[in-house]
Amino acid sequence: MNNNSYVVIMAGGIGSRFWPYSRNTKPKQFLDILKTGRTLIQTTYDRFAPHVDKKNIYVVSNQEYKGLINEQLPELDDCQILLEPFRRNTAPCIAYACYKINKSNPDAIITVTPSDHMIFKDEAFIKSWNTSVEAASDQDKLITIGLKPHSPEVGYGYIQYLETGNSVKKVKTFTEKPEKALAEKFIESGDFVWNSGIFIWGVKAIISAFEDSLPEMAEVFSEASDSFFSDNEQKAVDAAYAQSANISIDYGVMEHSQSVYVVLGDFGWSDLGSWNTIYELAEKDNNGNSVQANALVYDTKNTLISSSNNKLIVVQGLQDYLVTECDNVILICKRNNEQKFRDFVSDVKEMKGKEFL
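In this report, the structure presented in the accompanying data block is examined. Predicted model only: the values in this text are computed from it and were never measured.

Residue W19 is joined to P20 through a cis peptide bond whose omega torsion reads 10 degrees. Among the secondary structure elements, P20 is positioned in the loop between strand 1 (5–10) and helix 1 (40–48). Even without glycine at this site, K35 takes up a positive phi of about 55 degrees. As for its placement among the helices and strands, K35 is situated in the loop between strand 1 and helix 1. We classify K35 as exposed; its relative accessible area is 63%. Notably, F229 is not glycine yet its phi reads approximately 65 degrees, a positive angle. With relative accessibility at 46%, the residue F229 sits in the partly exposed group.

Right, dumping it as C-alpha cells:
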C-alpha cells in the first residue's frame, strides 16, 4: 500500500436534477438510490478503502452535512472531514483539500472523486486507477479518467486526446459541458471521450496548476493553510472561501493547463445524474416501464413510476414520463428533460418555500 496515496471525496452537492428524492437536507450522495444496502458516499468510500490508508481518505462537504457524514462514515476522524462554509463549486473544494494534504505530505498523490457516481466493474476501475496513480507520481501531470461516450450528453466534460500508443495519453482539448450540437460533433469524430470527473495528480502538480490558472485562489488557500491542523482552521477556511471565485476545476484549471493527460477506462460508470439515468439502469417490463411503487399501470410506455411509501398509484395513458411521490411532493413530468428539473427546483424555491426542497 502506497502511504503517499490519498483520496478526496467531494460530497457537497444538492442533486437538484434528482429532486424531489434528493433534498437539501439529504441530497443524493447520502441516499441508497439503487437499493444496494449502502448509500452512494458509502459505496465510494468502500471502493477505495482497501487500496489506501484509511487515514488518507478525506471528505469535503458543506457544514450542514457533517452529521450525515459522521453517521454514514463513522470510520472518519473529524480531521478527515473538511467543511465548506458555502458552495463555491469544485475548484475551491479541491483547493482546500489539496492545500491541506500538502501541509502534511508534500509528496502526496491525490485522487479526487465525486461521492455520487456508480461504478459497476470495480476490478476494471482499479486497474485504470492504478495506472493513473503510477503516472501521477512524477508530480507533473494532471490526469483524468476518460470513458467512451455513447450519446451526446451536454452535462459532461469532453476530452480529445493524442493517440500515442501509451496507456497515459496527452490531452489535446478539454471542453466542459458543450452545447448539444457540438457534443454531437464530438461523438461523430470518434476521438473524444467523456471526462469521468475522477482526477489523479501529484499535490505539487495541482498546486502549480492553481498558481498558474487561478492565482488569487492559490494565494488565499496558501495563506489559509498556515492555520490548517489548528484550532483556527475553520475560520481560515471560511475567509478563503469568501475570497474565492465560484468556478469548477474544469473551467478554472483543466481547460487552461498544458499538463493534462487521460487514462481510458471501461468500468460500467454512471453519474446517476438524473431520473432519466435511473430509468436507463432500471429493470423494465415489456412496455418499457420501470415500476418502483405500488401501482396499477394501463396504456403506458417507457415510464418510470416511483414512490417511497405504500400509497397506490394508478397511471393511464402516459409515454416517456416520470411519476414519483417523495415525502410531501408529487411530480409528474417528461422524464428526459434534465434542465426542467432545475427549473422546477428554482420555481418551488421562489413560490413555495424550503419545506418542499
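Anyway, onward from the coordinates.
Here we come to the environment of A124. Tracing the backbone through its elements, the reader meets A124 in helix 4 (residues 122–136). You can call A124 partly exposed: its relative accessible area is 30%. Sequence separation between A124 and G265 is 141 residues, and the spatial gap between their C-alpha atoms is 7.5 Å. In contact with A124, other than residues within four places in its own chain, are D266 and F267.

Glancing now at the pairing of strand 1. For strand 1, the tally of buried residues reaches six of six residues, placing the bulk of the element in the interior. In strand 1, alternate side chains face the same way, and those of S5, V7 and I9 on one face and Y6, V8 and M10 on the other are all buried. Both strand 1 and strand 4 (residues 109–114) contribute to a ladder of six bridges, which runs parallel. The partner of I9 across the bridge, within strand 4, is T113. Both strand 1 and strand 2 (residues 57–62) contribute to a ladder of four bridges, which runs parallel. In the sheet register, I9 faces strand 2, and the bridge partner there is V59. Read from strand 1 through helix 1 to strand 2, the crossover connection turns out right-handed.

Attention shifts here to the packing of helix 3 (residues 90–104) against helix 7 (residues 215–224). Two measures define how a pair of helices packs: the angle their axes make with one another and the distance between the axes. It is at 10 Å that the axes of helix 3 and helix 7 come closest, and there the two elements cross at 40 degrees. With respect to helix 7, the axis of helix 3 lies oblique. Judged by the twist between their axes, the crossing of helix 3 over helix 7 is right-handed. Of helix 7, the residues touching helix 3 (which contributes A91, P92, A95, Y96 and Y99) are M217, A218, F221 and S222. In the contact of helix 3 with helix 7, the residues fall into eight nonpolar, one polar and no charged.

Our focus in this paragraph is the packing of aromatic side chains. Taken as a whole, this structure holds 20 aromatic pairs when the rule is applied. Geometrically, the ring pair formed by F86 and Y241 is edge-to-face, given 6.3 Å between the ring centres and 80 degrees between the ring planes. Placement of the pair is F86 in the loop between strand 3 (81–84) and helix 3 and Y241 in helix 8 (residues 233–242), with a sequence separation of 155 residues. Of the residues examined, Y241 reaches a relative accessible area of 0% and is grouped as buried. Plain terms: the ring middles of Y96 and F228 are 5.4 Å apart, the flat faces sit at 50 degrees to each other, and that makes the pair tilted. Residue Y96 is located in helix 3, and its partner F228 is located in the loop between helix 7 and helix 8; the two are separated by 132 residues in the primary sequence. Judged by its relative accessible area of 5%, F228 falls in the buried class. Taken together, the aromatic side chains of F86, Y96, Y99, F210, F221, F228 and Y241 make up a single cluster linked through ring pairs. Here the basic side chain of K170 rests over the ring of Y261, its NZ or CZ set 5.5 Å away from the ring centre.

Here is what the cut-offs are and how they apply
Residues numbered from 1 in each chain as written. Predicted model: local features only at pLDDT ≥ 70, side-chain atom pairs only at ≥ 80, totals over all residues. Heavy atoms only, no water. Helix = DSSP H or I, 4+ residues; strand = E, 2+ residues; numbered from the N terminus. Buried < 20%, exposed > 50% of the residue type's maximum accessible area, 1.4 Å probe, protein only. Contact = heavy atoms within 4.5 Å. Pairing = 2+ DSSP bridges. Right-handed = clockwise from strand over helix to strand, strands pointing away. Axes fitted to C-alpha atoms, helices over the stretch in contact; angles between N-to-C directions. Parallel < 35°, antiparallel > 145°, perpendicular 65-115°, else oblique. Left-handed = near helix turned anticlockwise from the far one by under 90°. Nonpolar A, V, L, I, M, F, W, Y, C, P; charged D, E, K, R; others polar. Phe/Tyr/Trp six-rings, centres within 6.5 Å; stacked < 30°, edge-to-face > 60°. Lys NZ or Arg CZ within 6 Å of the ring centre and 35° of its normal.

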